[in-house]
Amino acid sequence: MKRLILAALLTLPLLVGCTKKENEILIGEYDSLTGSDATFGLSTNKGVRLAFEEINAAGGVKGKKLGLITLDDQGKNEEAASAVTRLITQNKVVAILGGVASGRSKAAAPIAQSNSVPFVSPASTNPDVTKAGDYVFRVCFIDPFQGFVMAKFSSENLKHKKVAILRDVKNDYSVGLADVFSAEFKKRGGEIVADSSYQAGDIDFKAQLTQIRSKNPDGIYVPGYYTEVGLIAQQARQLGIKAPLMGGDGWDSDKLSEIGKEAINGNYYSNHYTVESSDPAVTEFIKKFKAKYNETPDALAALGYDAARILAAAIERSPDLSGKAIRDELAKTKDFGGVTGKITLNENRDAVKSAVIIQVDGKNRKYISTISP
Ligand code: PHE
């Protein structure tokens, strides 16, 4: 039954979008709704839908309703590229919201760029993503900052001297973050005692972990996505490794604790927002999100919500619905009050924002500290 409802919910925006209506401004969204990081796309989509629903209830944009068509990239780069092509050529969307995984954004954003269709990524943090060109934006911080944040926390707060890295070599995000962490940690006088790798889809990490164990690190940096990280946490504990694991926003999913169980507890990751915030923008968002979906929003839901509202605001200000006009207004986004912080898009079309350090505690995400740029 639950599945049926989920399927209905997922196809709903698709159906709405397919019937292009006169009084509607059609926005395209693509993300992983299935696959090993499905919660990324599912959460983002929930945030986007909540934002559109509110905006439409308040009269829409330019007197028209916002329509949404969402395509599933199944967590694959090629599918992300073809989804964006389809949204542009078949559905003729005025702008695109997506994607989460940096690798998929890198594959898809150049298509939006070459068609002059504005592209707003809610959550892709790899610096290369917005280098696709002047139609490509993001509402989140970038990895040179995120990697710095964890290196600082590891060295200053956890007093680590020796850290091992375990990176997903097939993932642009993971590789980028691992490199930044490594450089920052060394700058602070720390030593990287091992730098091992895996590939998304792997299920056995014992060989790498055994090698890491022999170096006796104070901590292990694992900047991957939640499915592999959950398994890595389990196997690290099975091998008797007690050093804390540390990671980035790719850990942020309820599935992390489902997969990692107790083994993931006590470990740290950097993220875009905390549900413990007392900021009224955050508490109000959580309240509305829970009322609609009966679950606590993760960072992706919050970023999806912010990205959708920033895009809608730019369309509202825009003199017409051309890609150029919307792009120009997006570029002017300044001090936008988002759930994930105050958002100003800089000359590289990136947002400069603080990050939070979170400690995993079952399904709870314990807020530890905020680090500002
Ligand atoms: N920042 C990740 C990437 O670029 C995606 C992500 C963002 C995952 C936020 C979870 C939460 O690949």
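Refer to the structure above for everything that follows.
Residues numbered from 1 in each chain as written. Predicted model: local features only at pLDDT ≥ 70, side-chain atom pairs only at ≥ 80, totals over all residues. Heavy atoms only, no water.

## Describing the overall build of the protein chain
Spelled out, the test is: Each helix is a run of DSSP H or I of at least 4 residues and each strand a run of E of at least 2, with the numbering of both proceeding from the N terminus. With the radius of gyration taken over C-alpha atoms, the globule rule is written as 2.2 Å times the number of residues to the power 0.38. Only protein chains enter the accessibility calculation, which uses a 1.4 Å probe; a residue is then buried when its area is under 20% of its type maximum, exposed when over 50%, and partly exposed in between. Note on definitions: a residue-residue contact is assigned when non-hydrogen atoms from the two residues lie within 4.5 Å. For the area figures, the Shrake-Rupley method with a 1.4 Å probe applies, and any residue is considered shielded solely by the protein chains shown. Neither His nor the chain ends contribute to the count of charged residues, in which Lys and Arg are positive and Asp and Glu negative. By convention, the charge on Lys lies at NZ, on Arg at CZ, on Asp at CG and on Glu at CD.
Check the secondary structure of the protein chain and you find twelve helices and 14 strands. Against the globule reference of 21 Å for 373 residues, the protein chain gives a C-alpha radius of gyration of 20 Å, in line with a compact fold. The C-alpha extent of the protein chain, read off along each of the three principal axes, is 65 × 50 × 40 Å. The 373 residues of the protein chain split such that 57% are buried. Residue pairs in contact within the protein chain that sit at least 24 positions apart in sequence constitute 67% of those at least 6 positions apart. Carbon together with sulfur atoms contributes 53% to the accessible area of the protein chain, which is approximately 14,800 Å² in total. Considering the protein chain, the positive charge centre built from 48 side chains and the negative charge centre built from 44 side chains are found 2 Å apart.

## A few points about the layout of surface pockets
Which entries qualify depends on this criterion: Points on a 1 Å grid, built from protein atoms alone, make a cavity when a 1.4 Å probe fits but cannot get out and make a pocket when they are open with protein on both sides within 12 Å along at least 5 of 7 lines; residues with an atom within 4 Å of a point are the lining residues. Grid points are joined across faces, edges and corners, and a volume is the space filled by probe spheres set on the points. Classification used: nonpolar for Ala, Val, Leu, Ile, Met, Phe, Trp, Tyr, Cys and Pro, charged for Asp, Glu, Lys and Arg, polar for all others including Gly. Source of the domain bounds: an automatic or database domain assignment.
Considering only enclosed or pocket space, the largest pocket measures out at about 410 Å³ in volume. Lining of the largest pocket is provided by 19 residues; of these, Thr 39, Leu 42, Lys 46, Lys 255 and Glu 295 occupy positions nearest its centre. Secondary structure elements with two or more residues in the lining of the largest pocket: helix H2 (38-57), helix H8 (226-238) and helix H9 (255-260). Looking at the lining of the largest pocket, the element that brings in the most residues is H2, giving five residues. A class-by-class count of the residues in the lining of the largest pocket yields six nonpolar, seven polar and six charged. Shared between two domains, the lining of the largest pocket takes at least three residues from each, and those domains are domain 1 (2-141 + 278-354) and domain 2 (143-271).

## Looking at helix H3 (residues 77-89)
Rules: A helix is expected to span 1.5 Å multiplied by its residue count minus one. The directions from the helix axis to the C-beta atoms are what the arc is built from.
For H3, which comprises 13 residues, the first-to-last C-alpha distance of 19 Å matches the rise-based estimate of 18 Å (1.5 Å per residue) to within 8%. All of the buried residues along H3 are Ala 80, Ala 81, Ala 83, Val 84, Leu 87 and Ile 88. Axial view of H3: buried residues confined to an arc of 160°, hence all on one face. The inward-facing, buried residues of H3 abut strand E1 (24-31), strand E2 (65-72), strand E3 (95-97), helix H4 (102-114) and strand E4 (119-121).

## Description of the site of the ligand
Put simply, the rule reads: Proximity criterion: a residue is near a molecule or strand once any of its heavy atoms comes within 4 Å of it. For this analysis, a polar contact is any N or O atom pair within 3.5 Å, provided that within protein one partner can donate a hydrogen and the other can accept it, and provided that sequence-adjacent residues contribute only side-chain to side-chain pairs. For a molecule to be placed in a cavity or pocket, more than half of its atoms must lie within 2 Å of the grid points of that cavity or pocket.
Close to the ligand lie 13 residues, the nearest being Ser 102, Ala 123, Thr 125, Tyr 225 and Asp 249. Within the side chain of Ser 102, a nitrogen or oxygen atom sits 2.4 Å from an oxygen atom of the ligand. Separating a nitrogen atom of the ligand from a side-chain N or O atom of Asp 249 is a distance of 2.8 Å. With the chains in place, 100% of the 330 Å² that the ligand exposes on its own is no longer accessible. Most atoms of the ligand, that is more than half of them, are within 2 Å of grid points of the largest cavity. Of the residues assigned to the shell around the ligand, the class counts are seven nonpolar, five polar and one charged. Looking at which domains feed residues into the shell around the ligand, each of domain 1 (2-141 + 278-354) and domain 2 (143-271) gives three or more.

## Topic: the side chain of His 272
Along the chain, His 272 turns up in the loop between strand E10 (268-271) and helix H10 (280-293). Engagement of the side chain of His 272 in a polar contact is seen with the side chain of Asp 249, the distance being 2.7 Å. Excluding residues that lie within four positions of it along the chain, His 272 makes contacts with Thr 125, Cys 140, Phe 141, Asp 249, Ala 299, Leu 303, Thr 340 and Val 356.

## Thoughts on unusual backbone geometry
In this structure, Gly 99 follows Gly 98 across a cis peptide bond, with omega equal to -20°. Tracing the backbone through its elements, the reader meets Gly 99 in the loop between E3 and H4. The backbone phi angle of Lys 62 is positive, close to 55°, even though this residue is not glycine. Within the fold, Lys 62 resides in the loop between H2 and E2. Lys 62 gets classed as partly exposed once you look at its relative accessible area, which sits at 30%. Although it is not a glycine, Ser 116 adopts a positive phi angle of roughly 55°. Its place among the elements puts Ser 116 in the loop between H4 and E4.

## So, the packing of H2 against H10
Each pair of packed helices can be summarised by the angle the axes make with each other and by the distance between the axes. Definition in use: A fitted line through C-alpha atoms serves as each axis, taken over the contacting stretch for helices, and the angle formed by two N-to-C directions is quoted from 0 to 180°. Oblique is the label for every angle not falling under 35 degrees (roughly parallel), over 145 degrees (roughly antiparallel), or within 65 to 115 degrees (roughly perpendicular).
It is the contact of H2 with H10, at a shortest axis distance of 11 Å, that shows an interaxial angle of 100°. By the angle between their directions, the pair H2 and H10 is classed as roughly perpendicular. Judged by residue contacts, Lys 46, Gly 47, Arg 49, Leu 50, Glu 53 and Glu 54 of H2 engage Phe 285, Lys 288, Phe 289, Lys 292 and Tyr 293 from H10. Of the residues belonging to the contact of H2 with H10, the class tally is four nonpolar, one polar and six charged.

## Digging into the sheet that holds strand E14 (residues 364-371)
Pairing between the strands of a sheet is mediated by backbone hydrogen bonds and can be parallel or antiparallel. Worth spelling out the cut-off: Pairing between strands requires that DSSP locate at least two bridges from one strand to the other.
Within the open sheet, the seven strands sit side by side as E7-E6-E8-E9-E10-E13-E14. Their pairing is mixed. Both edges of this open sheet fall to strand E7 (191-198) and E14, since each of them pairs with a single strand only. Across the sheet, the axes of successive neighbouring strands diverge by a mean angle of 25°, strand direction being ignored. Two strands pair when backbone bridges link them, and E10 and strand E13 (residues 355-361) are joined in this way by four bridges, in the antiparallel orientation.

Just distances and angles here, no functional claims.
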